[in-house]
Amino acid sequence: MIQNKLTKKTFDEICTGQYEFVIPYLQRTYKWRTRQAEAMLDDFREFLQTDKRNYCLQPLAVVRKGNTCYELLDGQQRLTTLLILWRILFGGTKESSPYALRYERDELRFDYLWSCDIQTTEGKRNMDEYYMSVVYRAIERWLNTHTETDYREAFRHLLKGDGNGGKHLLFLWYEVDEKERHTTFAHINSGKIELTCSDLIKALLLSDISTGITDKSLVAAQYAEMEQTLANDRLWYMIQRDSPLYNGARIDLIFNMVEGVTPEQYTQERRTAFYRVYEHRANLSTFWKACRDSFVRLIDLYENPYTYHYIGYLTYIHGKYEVGNWIKRYRAVGLSGVIDELKAEVRKSVPSVNDLDTIIYGDGRVRRILLLHNIQTILCRYQALQRPAKGVRFAFEYFPFELLYSQQWDIEHIASQTDNPLTKEEDWTTWVESSKADYEEVFKQEEVQKLCDEFEQEKKKETFEPLYKKVLELIEAGNDPVTNKDGLGNLVLLDRATNRSYHNALYKSKRRTILGTIDSATFVPPCTANAFLKRYNDTLDAKLWAWTQQDYEKYLNDIKDKIGKI
């Protein structure tokens, strides 16, 4: 049984002198300031100039303690500010207050709201009293400076709901069952956030005031399924780059898509979709059908390897979600049509195949080219496995976009750069020890031994650089060295932790480190693994201890081939 109920109450219904709101001991303090108070009054002023009858205030989340006594889980800031405004407009005493606020932390808080001390910010006992005074003065100042209309009189009628236009301030009254009070309170106060848009829409869908929905148990089950599915990071980071935007309420994205709420609108007011849904609450079944349709189509796009990878790629490079547009295109042109349109968008994001030879390290397009090469490698493998002769249909992998956000990724040189990038003594020492183990014959040469001795005697940049360059020169001699070490054929994607761990090691050491990482918990992109496994060079004379010009060209040709197939 659904215990939580969502109804509505006008502010004047609350202002009977009978309601008492208990603010729990663990509630955060009153923290409104001048900006919030002025914004509220500006909103009231604009509302009075419209034909609308109700101005929807922040939802009040309450737990019933008696006939007119409620524990207040959410809404303290707004109720306190409205009480300060009431005192300014109507005067009176604590005994004539329109409603009572009882603070478990300090019973004197309510007395302070009606004392003369509230008119000054000097000598306050605590932050609650200080900010109450700040807001009191801000409201007085606003009323004294906005004189084009008698706002004192207009706001009196608005608070009492007795104006000629019949305008009311409206609270959405979210009554929480006693059994759920601790869970709800913890959720609301986790990270100091208010009731989310999804909290309120769920309550509306399952509450007594909703109409058009006959099977609420089915809706509750479908809602839980959607929440659980969207908790999958693999799905989420296909469509959304900035997780904090949704404050842990990922299902808000579905509601925003259906109601046409932009990320900018959501940032300004996170409950925009709820307010829109509430306006057409008489036909919630249509809204929910649209949500389910969008969700099911989203899952279709996720489960198809082409749409998953291309949407995830575009989300990553553009830094914003466009999945709502792709769902619309899906409805219009079908899945194959969407794939064709996605391919066209992806092709526009990278240079033509003929221009890839000129792309070098430092070009902003390198990262997206390398990412796309990995994606295309996965998709080409998937396509090959669709052939009946293979006898395997669904054995393919997804590129984990979530790791591109949770980890930091570097663009790594396969063959070490000629210029020494190391600057710390510990890195120089680690490099020398690692290189000695991997290239024992090189370090036996007299010239290298001499440079090693000089470095050991005085470990500084001036003694390390000659050693570094000489070792690199001897290793590359006769091994067909890479001529353009900043070109695409010498670059791969690698997680920063692995990259920084081997301190610009030489190829043999890098290869050993990365091959050892493949079977660990660290994700190695498939093309990075392929490069160090020498899978691009199928010649019999491929050298396992060096990345050669031949390796470079075969790897670059594979990049061209894969991207050319989009």
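Refer to the structure presented above.
The structure displayed is predicted, hence computed values, not measured ones.

(A) Layout of the packing of helix H3 (residues 76-90) against helix H6 (residues 151-160). Packing of H3 against H6 brings their axes to within 10 Å, and their N-to-C directions diverge by 125°. The angle between the axes of H3 and H6 places the two elements in the oblique class. Both H3 and H6 take part in a crossing whose hand is left-handed. Contacts between H3 and H6 involve Leu 82, Leu 85, Trp 86, Ile 88, Leu 89 and Phe 90 from the first element and Arg 152, Phe 155, Arg 156, Leu 159 and Lys 160 from the second. For the contact of H3 with H6, the per-class residue count stands at 8 nonpolar, no polar and 3 charged.

(B) Representation of unusual backbone geometry. For Lys 534, which is not a glycine, the phi torsion comes out positive at approximately 65°. You can see Lys 534 is positioned in the loop between helix H25 (526-532) and helix H26 (549-564). For Lys 534, a relative accessible area of 7% gives the class buried.

(C) Structural view of the packing of aromatic side chains. Using the criterion set out here, one finds 36 aromatic pairs in the structure. Geometrically, the ring pair formed by Phe 11 and Tyr 99 is edge-to-face, given 6.0 Å between the ring centres and 85° between the ring planes. Taken together, the residues span a long stretch of sequence, with Phe 11 in helix H1 (residues 11-14) and Tyr 99 in the loop between H3 and strand S6 (100-103) at a distance of 88 residues. Across the pair, Tyr 99 and Phe 11 agree in class, each one buried. Residues Phe 47 and Tyr 55 carry aromatic rings whose centres are separated by 5.7 Å and whose planes lie at 55° to one another, so their mutual orientation is tilted. Note on Phe 47: relative accessible area 4%, which makes it buried.

(D) Structural context of the environment of Arg 53. In this structure, Arg 53 sits in the loop between helix H2 (34-48) and strand S3 (54-56). Residue classification places Arg 53 among the exposed positions, given a relative accessible area of 54%. Along the backbone, Arg 53 and Gly 166 are 113 residues apart, and their C-alpha atoms lie at a distance of 6.4 Å. Apart from the residues within four sequence positions on either side, Arg 53 is in contact with Phe 47, Gly 166, Lys 167 and His 168.

Rules behind the numbers
- Residues numbered from 1 in each chain as written.
- Predicted model: local features only at pLDDT ≥ 70, side-chain atom pairs only at ≥ 80, totals over all residues.
- Heavy atoms only, no water.
- Axes fitted to C-alpha atoms, helices over the stretch in contact; angles between N-to-C directions.
- Helix = DSSP H or I, 4+ residues; strand = E, 2+ residues; numbered from the N terminus.
- Parallel < 35°, antiparallel > 145°, perpendicular 65-115°, else oblique.
- Left-handed = near helix turned anticlockwise from the far one by under 90°.
- Contact = heavy atoms within 4.5 Å.
- Nonpolar A, V, L, I, M, F, W, Y, C, P; charged D, E, K, R; others polar.
- Buried < 20%, exposed > 50% of the residue type's maximum accessible area, 1.4 Å probe, protein only.
- Phe/Tyr/Trp six-rings, centres within 6.5 Å; stacked < 30°, edge-to-face > 60°.

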